[in-house]
Amino acid sequence: MHSFLQNRKIIFMLVFPGFAIFVFAVLFPIGLSIYYGMTDWSGIGSLNFIGQENFKNVLQDGVFWISLKNAAALAFFTVILQHPLALIFALLLDRVGGKSEKFFRTVFFIPCIISIIVTSKMWVNIYNSQYGLLNKVLELLNLGFLKQQWLGDPDIVLFSVILIMMWQGFGWALLIYYAGIKGLPEDVYEAARIDGANSFQTLFKITVPLLKPVIMVNVIWAVISSLKQMETIYLTTNGGPGNASQFLANYLYIKAFNSYEYGYGNAISVLFVIVCLITVLLLNRVFKTEEY
Amino acid sequence: MRNNRKLVVLLLAMTMIICIVGGFNALAAGKVTIKFFSNLPDRTAGMGKLEQFLIDNYMKENADINIKVEALQDEPYKQKFRVYTAGNQLPDIFAVWGQPAFFNPIMSSGYAAELDPDDYKGYDFFPGSLNGFSYNGKLYGLARNTDFMVLYYNQKLFADNGVKVPETYDELITAAKAFRAKGIAPVAHNGRDSWPTNILYQDLVIKESGDQELIYKAIQQDIKFAGNEELLAAAEDLKELVDIEFFQDSFIAADYGAARNLFGQEQAAMYYMGAWESGLGSDENFSESFRNNVSAVAFPGMKGEGKGKSTDMMAWNGGGYAVSSSSAVKEEAIKLLNYIMKPENWARYAWQMGVAIPAQKYDQYMTGKESKLQIRLSEILNNATSISGTPWNDAATPGFKTDSQTIIQEFAAGMKTPQEFLEAADQAAQKAQQ
């Protein structure tokens, strides 16, 4: 066995397929993106090499920063609202047990298995100012003064779309917490009960600390998907009004494919990858220092 | 190992046989296949139906021709079109928009085949309708329709509420206020798409100045958007329209279908849209009451010296066709294009089926069976004393299109003042000039 793994040919054969996939599916496209990012290519016809011009312009582009800020807002609300809620519901689900546990588990997960096109269009209709459910319900409850132009008002549109995205992602967050809770060892809880711990103490001294790896994975995932957000925005507001609800992936798509500024779009995508990498590094560091 | 090798050999042999047989089949049939890329996915109604009808007729008349149609909605069409151009694999004949923002890069990069203007001498295209399909004096495509903006309105809603159909701009404002007071949305507008708002702004510029060239001069930066009184007056008009709630609530978030349905379901009194909606009066999805009561007026003009009248119109030639310069069956594709666009084909059927107002002379094809709306639209066009040409957002680069559409949306959503909007328009124009 030892000599088998020392054979260079065998090592090469084992490593090569994975390495080749990584090179062609990840490194090569990123390299190509960097190259196109340094050109003024429109996507059609000839291109000129213009060096770092695009990258400089992206960093001075107000919309780039608005998009980043919006992604940060989405990540923030997901982490402080959606995740605690998902955790609480996962705990409650675990407590309920029996048939209702299965039932509610399915109900919570339904939004995640419906196509994003369907849920996005459904929300566009719910938010509609003329016939939308939300404004109608507010009217019925005598709360007419709360009626809003949910997707038309630049001041609230971001919150409206954040709510949609949190709703769409809630099932996943809940499922991961639920799976984590199901995997916790029963004996620790038994010991806590014998020691006379109340349920509040059990939650904060046992469940949450034991769930830390799950929370970490879930939070990193939530932050990264906030940065990558594209489909829901494209289908609801397309970043509008103006760029009030713009996100990076949607913006780079508009630049590359509507404005025919393919080079510029690539420059955004390269900076986008860098932002994602930095975020993951930072998050890993945050969670690492808290490990014990 | 040996078994595996046999299997591979067998597979390769079978693939080869299939290819050879397939090849022989194609040769035996002796058919020429023309790939047709269309932006009209509904092949059972409207212009898509007409396009398919002409394609089927052509195949009947030419047994050796096989036409393979691929059709997508506008936006997916544009995306796939880009993929095709990037790979230099454009289908043999394809739909285009004869506007600089879309067609200029295609013509200048040599993707479209040059057409011979002599072929179209008897085709009776309206003067100027092929301008957007020409580059450096050479012709690369043919226009399908004449597009112009009108104010569709619901006669019943006007009559029931005692509101006068507007003939002047002031009456339009009065009518809008009257409908608002009764809780009816005055005008259905798809602000999410932005381009209708761009077009409305240009219409207001025409009505404020009586000068069709003014906005194009500003795009060329011969004059500044921000320094011009009439461009500012039109921006202030647009702001006033938003302020008096001229459009339905949350119009900024409404897409094409939402605005169209609002009008069709008689929830809005008017609808500012192009003549390509001439089928509204026969759309079975809407009630009979609506279909009987839909009519149109030209967008009203302003009173006063030097101001534009309702006959100074927003009109242009948008959709059309071109042939790929790298097509292996270029000659056949051009023949097909010429067949489709013959006046007795496209112009005649487009008018008689009521699916569009052609870009060619069509009065010889009047039958007397036209719908009221069709006749009305035709009258409006015939009364035009001046027409604009390409909408300003489409009149420069693709980047200018995105920028001008973003800033008009910001302006309509109240995120920019008229002055800020004009300054942003100057910036976008300067960028486009570079």
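Preceding this section is the structure that the text describes.
Parameters at a glance
- Residues numbered from 1 in each chain as written.
- Chains lettered and ligands numbered in written order.
- Predicted model: local features only at pLDDT ≥ 70, side-chain atom pairs only at ≥ 80, totals over all residues.
- Heavy atoms only, no water.
- Contact = heavy atoms within 4.5 Å.
- Buried area = accessible area lost by both parts, 1.4 Å probe.
- Salt bridge = Lys/Arg side-chain N within 4 Å of Asp/Glu carboxyl O.
- Polar contact = N/O pair within 3.5 Å; in protein donor to acceptor, adjacent residues only side chain to side chain.
- Helix = DSSP H or I, 4+ residues; strand = E, 2+ residues; numbered from the N terminus.
- Nonpolar A, V, L, I, M, F, W, Y, C, P; charged D, E, K, R; others polar.
- Buried < 20%, exposed > 50% of the residue type's maximum accessible area, 1.4 Å probe, protein only.
- Core = buried A, V, L, I, M, F, W, Y, C linked by side-chain atoms within 4.5 Å.
- 1 Å grid on protein atoms, 1.4 Å probe; cavity = no way out; pocket = protein on both sides within 12 Å on 5 of 7 lines; lining within 4 Å.
- Points joined across faces, edges and corners; volume = space filled by probe spheres on them.

A. Representation of the interface of chain A and chain B within the structure. Every contact between the two is made by 32 residues of chain A and, on the other side, 27 residues of chain B. Across the chain A to chain B interface the summed buried area is about 2,300 Å²; carbon plus sulfur atoms make up 50%. Counting the surface chain A buries against chain B, the share from its top three residues, Ile44(A), Gln130(A) and Tyr260(A), is 26%. In this structure, the connection of chain A to chain B is made through 0 salt bridges. Linking chain A with chain B are 11 residue pairs in polar contact (both at pLDDT 80 or more), by the criterion used here. Only helix 12 (231–236) and helix 13 (248–258) of chain A provide two or more residues apiece to the side of chain A that touches chain B. Per-element tally for the side of chain A that touches chain B: the top contributor is helix 13 of chain A, with 6 residues. Its residues assigned to classes, the side of chain A that touches chain B comprises 14 nonpolar, 15 polar and 3 charged.

B. Representation of the side chain of Glu101(A). Residue and element names in this part refer to chain A. Checked against the element boundaries, Glu101 lands in helix 5 (residues 98–113). Looking at Glu101, the relative accessible area reads 9%, which means it is buried. A distance of 2.2 Å separates a polar atom in the side chain of Glu101 from a polar atom in the side chain of Tyr178.

C. Broad picture of the nonpolar core. In terms of nonpolar packing, the biggest core is built from 67 residues, with Leu227(A) and Ile268(A) touching the most fellow members. Only helix 3 (53–59), helix 4 (62–96), helix 6 (116–127), helix 8 (157–182), helix 9 (186–194), helix 11 (212–228), helix 13 and helix 14 (262–289) of chain A provide two or more residues apiece to this core. Top element by residues in this core is helix 8 of chain A. It accounts for 13 residues. Those residues in contact with Leu227(A) that sit more than four places away from it in its chain are Leu68(A), Ala71(A), Phe272(A), Val275(A), Cys276(A) and Thr279(A). Formed by 59 residues, the second largest nonpolar core is a distinct cluster that contains Phe158(B), Ile199(B), Leu241(B) and Phe400(B).

D. Just the layout of surface pockets, in detail. Residue and element names in this part refer to chain A. As a volume, the second largest pocket reaches approximately 700 Å³. Lining the second largest pocket are 26 residues, and of these Leu91, Arg95, Tyr189, Leu203 and Thr207 lie nearest its centre. Listed by contribution, the elements that provide at least two residues to the lining of the second largest pocket are helix 4, helix 8, helix 9, helix 10 (199–210) and helix 11. Ranked by residue count, the leading element in the lining of the second largest pocket is helix 4, at 9 residues. When its residues are assigned to classes, the lining of the second largest pocket shows 17 nonpolar, 4 polar and 5 charged.

The values reported here are purely geometric and, on their own, carry no functional implication.
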